[in-house]
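# Structural overview for review
Read off the chains here:
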Amino acid sequence: MLNVVGALMRPIEIPMRFLQLKLGLKNPAWLFLAPNLLLFGIFAFLPVILNLVYSMTGSDAILLRDRPFVGTSNFDELLSCANYLDPVSCKDDLFWRAVHNTVLFVVLQVGLMVAFSLITALILNRDIRARGFFRSVFFFPVLLSPVVVALIWKWVLQREGVLNAWLEGMGFSSFNWLLDASWAFGWSVFLSIWAHMGFYTLILLAGLQAIPRDVYEAAKMDRATPWRTFRKITLPLLMPTMLVVLVLALIKGVQTFDEVYAFTNGGPGSATTLIIQYIYETGFAGAPRLFGPAAAASIMLAGILVALTFVQLWVNRKNVDG
Amino acid sequence: MARAIAFLTRTRGVGKLDWTDWLSYGYLFLGVLLMFLPVIWLGLSSFKTEEELSRFPPRILPMAQETIAVDGYDDPLPLYRITGGEYAGETLAQIRRVGLVAQMVRPDAPKERLKVDINDRQAIERFSLAWDNYGELFDRFNFLRFFSNSVFITVISTAIMLLVNSMAAFALSKYQFRGRMVVLALVIGTLMVPQTVVLVPLFLITKELAMSDSLWGVIIPGAATPTGVFLLRQYMLTIPDEILDAARMDKASEWKIYWRIIVPLSAPAIAVLAILAIMWRWNDFLWPLIVLSSSDNFTLQLALNAFQGELKTEWSNLLAMTILVLLPIALVFVFLQKYIATGIASTGGK
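As named in an unreviewed UniProt entry, chain B is Carbohydrate ABC transporter permease, taken from Hoeflea prorocentri. Word for word, the UniProt comment on chain B under Subcellular location (unreviewed entry) is "Cell membrane". Regarding chain B, the UniProt comment filed under Sequence similarities (unreviewed entry) reads as follows: "Belongs to the binding-protein-dependent transport system permease family."

Going by what an unreviewed UniProt entry lists, chain A is known as Sugar ABC transporter permease and is assigned to Hoeflea prorocentri. Quoted verbatim from the Sequence similarities (unreviewed entry) field of UniProt, the annotation for chain A is "Belongs to the binding-protein-dependent transport system permease family."

Next up, the structure:
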């Protein structure tokens, strides 16, 4: 195996040697950086600039030279709305439905997920037997692919599914969970929490274990109640980690797409359509492919994400200093 | 059993569980149920026949009715135990059912047809795994094709990413040069703009480079991850520069220093990144969904998602396929659980 990799390295090694030894290249840093910067340039920086261009041009052509300049009209269309709280009154009602859904989704998902992650981390931080096992159990769903997560819960929740069977066994009547708008939304939030909470639990657990033991021993000497210890020691000392977790969860929550799309396809109606799905469907899935509005929507999304990332960097900075 | 009880009731030295312990264990066991039961349920269901799957209320174990081959009938006939009426106690095979009456025969005397009230018979069933659910994936659904697409994308893009990212991390951690901070800032910049917001131009670029609807269109744009550069750079900063200087005294080329010294010494960080990259690429959904249009190029994730639309009624194959998509990651998890956890904790995910 290593021999194979070594053989593959040969074609790179010879020209690099030549450049260095024959041409006297003392500091080949740029040579080492080149492939990575090339990839970054083409697939990360260039798209950011092009995204701006797309958002300001119209028509359904993909080539830039076929796209007439339309100024801010893509943004105007998206933002034209009689009442922002009522998606139906907006020109692009699906976009605003998606915005509303995403806001509600993120608030519920992040709030509940961070709460449950905290509870789980606190419990796992106690002197629990088989802690490694329990930690793995909560972490396991993080590894599952979004489509698999969606299918697992679809299978449990379907009309003839095991949840309905259990409900009927208890004397309730069964229910079409995914055909009801609010239930479909609620289950989407639930499955997203189910799939991701292990990740945040892990980070919070690391934060808890970083709190020095002797602080707790001092509290014990002072006969502080567990509740008081938690409020006055654990919570303040865990706050930096909590903030990181919160911002990370927000950044990821806003970008939710895969599992909800595979779970409900955005339905029933548009009850679970989130912003990324709007971008995907406007720009790629349907005909005509409206790249302009899709790009405009993603620029607005990028604005939110960049703001959140700055918050995160700021929180991290404070962490490092503190 | 005694050991199990001792294990479960062991506590913080005092020998008695206080109520917070009970609460904690209660919560954790509830968690285990909630996290594992759905997956186990899916696994069990994937071995059920289509008939058994549509049964309501569902049963836990996959069961199938026992059948017997009877002279004069092409297909094996289902077996029933008769619980009442004229033939009570006998085991009969059913030919057909008309209304409330079933036509049955004795397996050893297939000539004589018997009429039985359907309330008087009970199906004979045994535990049986419907391996056909899995077999059909290979015969009818081109599963191997999707699997090899997924493996190809995962392996190649992980390899490219590791090579390219470790080279960049080496340059950024071990060389002083003008513009180093600019490059570093640009890398942080890419961290900030996730792929999800540049989908439109990324698609155009991929198309212009003639990589749309090809596996390379998934591999190449996915190889530029800033997380990898960061993780590796942080690790390489801890490698002492003296080792490099010593190698330079021995007239080693810079490439040799990278390849023979830095890469082996960074092996732990590279391994962590490799595990993460494999996970990301294997589970990737949105970008392949946009790039790949012909079903021959689909990855497992795309095929699975497409199937759930097409095969509304064929849960049997769908569940089997879900298990096969889940299995590699589950195995990786079982063996590398510790490294995955530390890797994710140190990179903050993606």
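After that view, the rundown keeps rolling.
### What to know about the overall build of chain A
Counting its regular elements, chain A contains 13 helices and 0 strands. Starting at the N terminus and ending at the C terminus, chain A contains elements arranged as α-α-α-α-α-α-α-α-α-α-α-α-α. Taking 2.2 N^0.38 as the reference for a compact globule, 322 residues should give roughly 20 Å; the C-alpha atoms of chain A span a radius of gyration of 26 Å, well beyond that estimate. The principal-axis extent of the C-alpha atoms belonging to chain A is close to 70 × 60 × 40 Å.

### What to know about the overall build of chain B
A count of helical and extended segments in chain B gives 15 helices and 8 strands. The C-alpha radius of gyration of chain B comes to 30 Å, more than 25% above the 20 Å expected for a compact globule of 350 residues. A buried classification covers 51% of the 350 residues belonging to chain B. For chain B, contacts bridging at least 24 residues in sequence account for 63% of all contacts bridging at least 6. Just so you have it, chain B exposes about 17,100 Å², and 62% of that area is on carbon and sulfur atoms. For chain B, the distance from the average site of its 31 positive side-chain charges to the average site of its 30 negative ones is 10 Å.

### Digging into the pairing of strand E3 (residues 77–82) of chain B
Two strands pair when backbone bridges link them, and strand E2 (residues 67–68) of chain B and E3(B) are joined in this way by 2 bridges, in the antiparallel orientation. By the bridge assignment for E3(B), Thr67(B) is matched with Pro78(B).

### Some points on the interface of chain A and chain B
Facing 98 residues of chain A, the contacting portion of chain B comprises 99 residues. With both sides pooled, the region where chain A packs onto chain B buries about 9,100 Å², and carbon together with sulfur makes up 79% of that total. Its largest share of buried area at the contact with chain B, chain A owes to Phe32(A), Phe43(A) and Trp155(A), together 10% of the area lost on that side. On inspection of chain A and its partner chain B, the count reaches 1 salt bridge. Asp21(B) is the partner of Arg126(A) in a salt bridge, and the nearest nitrogen-oxygen pair spans 2.8 Å. Here chain A is connected to chain B by 11 residue pairs in polar contact (both at pLDDT 80 or more). A per-element tally of the side of chain A that touches chain B places helix H2 (residues 29–55) of chain A first, with 20 residues. Grouping the constituent residues of the side of chain A that touches chain B by class yields 72 nonpolar, 13 polar and 13 charged.

### So, the nonpolar core
Core analysis: the largest hydrophobic core is formed by 192 residues, its most contacted members being Phe32(A), Ile152(A), Trp194(A), Phe170(B) and Met321(B). If one sorts the elements of this core by residue count, helix H8 (residues 181–209) of chain A sits on top with 15 residues. For Met321(B), the contacting residues outside a window of four places in its chain are Leu137(B), Phe143(B), Phe146(B), Leu300(B), Ala303(B), Leu304(B) and Phe307(B). The next biggest cluster of nonpolar side chains, apart from the first, holds 9 residues, and it includes Tyr80(B), Tyr87(B), Met104(B) and Val116(B).

### Digging into the packing of helix H6 (residues 146–157) of chain A against H8(A)
Residues and elements named next belong to chain A. The N-to-C vectors of H6 and H8 enclose an angle of 130°; their axes lie 11 Å apart at closest approach. The pairing of H6 with H8 is recorded here as oblique in orientation. The two elements H6 and H8 cross, and the hand of that crossing is right-handed. In contact with Val149, Ala150, Ile152, Trp153 and Leu157 of H6, H8 contributes Trp187, Phe190, Leu191, Trp194 and Ala195.

### Re the pairing of strand E5 (residues 101–106) of chain B
Residues and elements named next belong to chain B. Where strand E4 (residues 91–98) meets E5, 5 bridges bridge the pair, whose relative direction is antiparallel. Counted as the bridge partner of Gln94 is Met104 from E5. Here E4 folds back onto E5, and the loop between the two strands holds 2 residues, one of which, Gly99, carries a positive phi near 60°. Direction of pairing for E5 relative to strand E6 (residues 109–117): antiparallel, over a ladder of 5 bridges. Bridge pairing links Met104 to Leu114 in E6.

### Comments concerning the state of the cysteines
All names here are of chain A. Across all of its chains, the model carries 1 disulfide over all chains by this definition. Two residues share a disulfide in this structure: Cys81 and Cys90, whose sulfurs sit 1.7 Å from each other. Taking relative accessible area as the criterion, Cys81 reaches 17% and is therefore assigned buried. Given a relative accessible area of 6%, Cys90 falls into the buried group.

### Describing helix H12 (residues 267–283) of chain B
For H12(B), built from 17 residues, the straight-helix expectation of 24 Å at 1.5 Å per residue is met to within 8% by its first-to-last C-alpha distance of 24 Å. For H12(B), the tally of buried residues reaches 13 of 17 residues, placing the bulk of the element in the interior.

### Regarding helix H4 (residues 132–140) of chain B
Residues and elements named next belong to chain B. Turning to H4, its buried residues number three or more, namely Asn133, Tyr134 and Leu137. For H4, the angular spread of the buried residues around the axis is 105°, confining them to a single face. Summarising the geometry of H4, the exposed residues directed more than 90 degrees from the buried face are Asp132 and Asp139. Positive backbone phi, at 60°, marks Asn142, one or two positions downstream of H4.

### Some details on unusual backbone geometry
For residues that are not glycine, phi is negative in most cases, and the peptide bond is trans in most cases. All names here are of chain B. Its identity as a non-glycine residue notwithstanding, Ala210 has a phi of 60°, on the positive side. Mapping Ala210 onto the fold places it in the loop between helix H7 (199–208) and helix H8 (215–222). Backbone geometry places Asp213, a non-glycine residue, at a positive phi of 55°. Mapped onto the elements, Asp213 comes out in the loop between H7 and H8. Assessed through its relative accessible area of 23%, Asp213 is described here as partly exposed.

### Overview of a positive patch on the surface
On the surface, Arg10(A), Arg17(A), Lys256(B) and Arg260(B) cluster together into a positively charged patch. Where the positive patch is concerned, the elements lending two or more residues are helix H1 (2–22) of chain A together with helix H11 (254–265) of chain B. Position of Arg260(B) relative to the elements: it lies in helix H11.

### Points about the environment of Phe257(A)
Take Phe257(A): it is sitting in the loop between helix H10 (226–254) and helix H11 (258–264). Under the relative-accessibility criterion, Phe257(A) is labelled buried at 3%. With 134 residues separating them in the primary sequence, Phe257(A) and Ile123(A) have C-alpha atoms 31 Å apart. Apart from the residues lying within four places of it in its own chain, the contact partners of Phe257(A) are Ile276(A), Gln277(A), Tyr280(A), Phe285(B), Leu286(B) and Leu289(B).

So, how was this worked out
- Residues numbered from 1 in each chain as written.
- Chains lettered and ligands numbered in written order.
- Predicted model: local features only at pLDDT ≥ 70, side-chain atom pairs only at ≥ 80, totals over all residues.
- Heavy atoms only, no water.
- UniProt positions renumbered as here; feature names shortened; annotations may be inferred.
- Helix = DSSP H or I, 4+ residues; strand = E, 2+ residues; numbered from the N terminus.
- Rg over C-alpha atoms; globule rule 2.2 N^0.38 Å.
- Buried < 20%, exposed > 50% of the residue type's maximum accessible area, 1.4 Å probe, protein only.
- Contact = heavy atoms within 4.5 Å.
- Areas by Shrake-Rupley, 256 points an atom, 1.4 Å probe, with all protein chains shown as cover.
- Lys, Arg positive; Asp, Glu negative; His and termini not counted.
- Charge placed at Lys NZ, Arg CZ, Asp CG, Glu CD.
- Pairing = 2+ DSSP bridges.
- Buried area = accessible area lost by both parts, 1.4 Å probe.
- Salt bridge = Lys/Arg side-chain N within 4 Å of Asp/Glu carboxyl O.
- Polar contact = N/O pair within 3.5 Å; in protein donor to acceptor, adjacent residues only side chain to side chain.
- Nonpolar A, V, L, I, M, F, W, Y, C, P; charged D, E, K, R; others polar.
- Core = buried A, V, L, I, M, F, W, Y, C linked by side-chain atoms within 4.5 Å.
- Axes fitted to C-alpha atoms, helices over the stretch in contact; angles between N-to-C directions.
- Parallel < 35°, antiparallel > 145°, perpendicular 65-115°, else oblique.
- Left-handed = near helix turned anticlockwise from the far one by under 90°.
- Disulfide = S-S within 2.5 Å.
- Expected span 1.5 Å × (residues − 1).
- Arc of directions from axis to C-beta.
- Patch = residues over 30% accessible without salt bridge, like charges linked within 9 Å, V, L, I, M, F, W, Y side chains within 5 Å.

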